[in-house]
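Now for the letters of each chain:
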Amino acid sequence: QVQLVESGGGLVQPGGSLRLSCAASGSIFSGNDMSWYRQAPGKQRESVATITSGGSTYYEDSVKGRFTISRDNAKLTVYLQMNTLKPEDTAVYYCNRPYYRGYLKWGQGTQVTVSS
């Protein structure tokens, strides 16, 4: 069964850091591009970062220079290192394939709250 399990969220002060993890089953991880998404209250879900199977990375403009996406193929895990967090980064964060690969069933996500 295809599964995506996100973890690592929490409450952090502005300027702080968090590292999110996404564990994916092997059948959907190997050879696949993967993305991190977020959805803030009252807003549409948006893609924030993508990593290809070859390791190339792409970022949404508002997170460039602050977020870093990476993957550990042996652990079937994708990470999102988030630094210099801002209140506007507050959202539920999800991982999934990029839209051009077709979405899988969404996981439960992990809540990130940036507040003093």
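Residues numbered from 1 in each chain as written. Predicted model: local features only at pLDDT ≥ 70, side-chain atom pairs only at ≥ 80, totals over all residues. Heavy atoms only, no water.

Undergrad: In this structure, what is going on with the overall build of the chain? I would like to understand it.
TA: Looking only at helices and strands, the chain has 1 helix and 10 strands in total. Computed over the C-alpha atoms, the radius of gyration of the chain is 13 Å, within 12% of the 13 Å expected from 2.2 N^0.38 for a compact globule of 116 residues. Seen through its C-alpha atoms, the chain measures out along the principal axes to roughly 40 × 25 × 25 Å. Buried residues in the chain amount to 44% of all 116 residues. Relative to all contacts within the chain whose residues are 6 or more apart in sequence, the contacts with residues 24 or more apart total 54%. For the chain, the exposed surface amounts to about 6000 Å²; the carbon and sulfur share of it is 47%. (Helix = DSSP H or I, 4+ residues; strand = E, 2+ residues; numbered from the N terminus. Rg over C-alpha atoms; globule rule 2.2 N^0.38 Å. Buried < 20%, exposed > 50% of the residue type's maximum accessible area, 1.4 Å probe, protein only. Contact = heavy atoms within 4.5 Å. Areas by Shrake-Rupley, 256 points an atom, 1.4 Å probe, with all protein chains shown as cover.)

Undergrad: Got a minute to help me understand the sheet that holds strand S5 (residues 46-51) in this structure?
TA: To summarise the sheet geometry, strands pair through backbone hydrogen bonds and adopt either a parallel or an antiparallel arrangement. If you trace the 6 strands from one edge of the open sheet to the other, you get S2-S10-S9-S4-S5-S6, paired in mixed fashion. The sheet is open, and its two borders are formed by strand S2 (10-12) and strand S6 (57-59), each paired with just one other strand. Strand-to-strand twist in this sheet, taken as the mean axis angle between neighbours without regard to direction, amounts to 25°. (Pairing = 2+ DSSP bridges. Axes fitted to C-alpha atoms, helices over the stretch in contact; angles between N-to-C directions.)

Undergrad: Hey, could you run me through the pattern of salt bridges in this one?
TA: Any two side chains of opposite charge can pair, given that their charged atoms come close. Taken as a whole and assessed by the stated rule, the structure comprises 5 salt bridges. A salt bridge links aspartate 33 to arginine 101; its shortest N-O distance comes to 3.5 Å. With aspartate 33 in the loop between helix H1 (26-29) and strand S4 (34-39) and arginine 101 in the loop between strand S9 (91-96) and strand S10 (110-114), this residue pair connects regions lying 68 residues apart in the sequence. Residue aspartate 33 is classed as buried on the basis of its relative accessible area, which comes to 5%. Across the pair aspartate 61 and lysine 64 runs a salt bridge, and its minimum N-O distance is 3.1 Å. With a relative accessible area of 60%, aspartate 61 lands in the exposed category. One network of salt bridges, in which partners are shared, links Arg38, Glu46, Arg66 and Asp89. (Salt bridge = Lys/Arg side-chain N within 4 Å of Asp/Glu carboxyl O.)

Undergrad: What is the right way to read the pairing of S4 from this model?
TA: A regular strand carries its side chains on alternate faces of the sheet. Extensive coverage of S4 is indicated by the burial of 5 of its 6 residues. One ladder, built from 5 bridges, connects S4 with S5; its direction is antiparallel. Looking across to S5, one finds that tryptophan 36 is bridged to alanine 49. Here S4 folds back onto S5, and the loop between the two strands holds 6 residues, one of which, glycine 42, carries a positive phi near 75°. Across 5 bridges, the pairing between S4 and S9 is antiparallel. The partner of arginine 38 across the bridge, within S9, is tyrosine 93.

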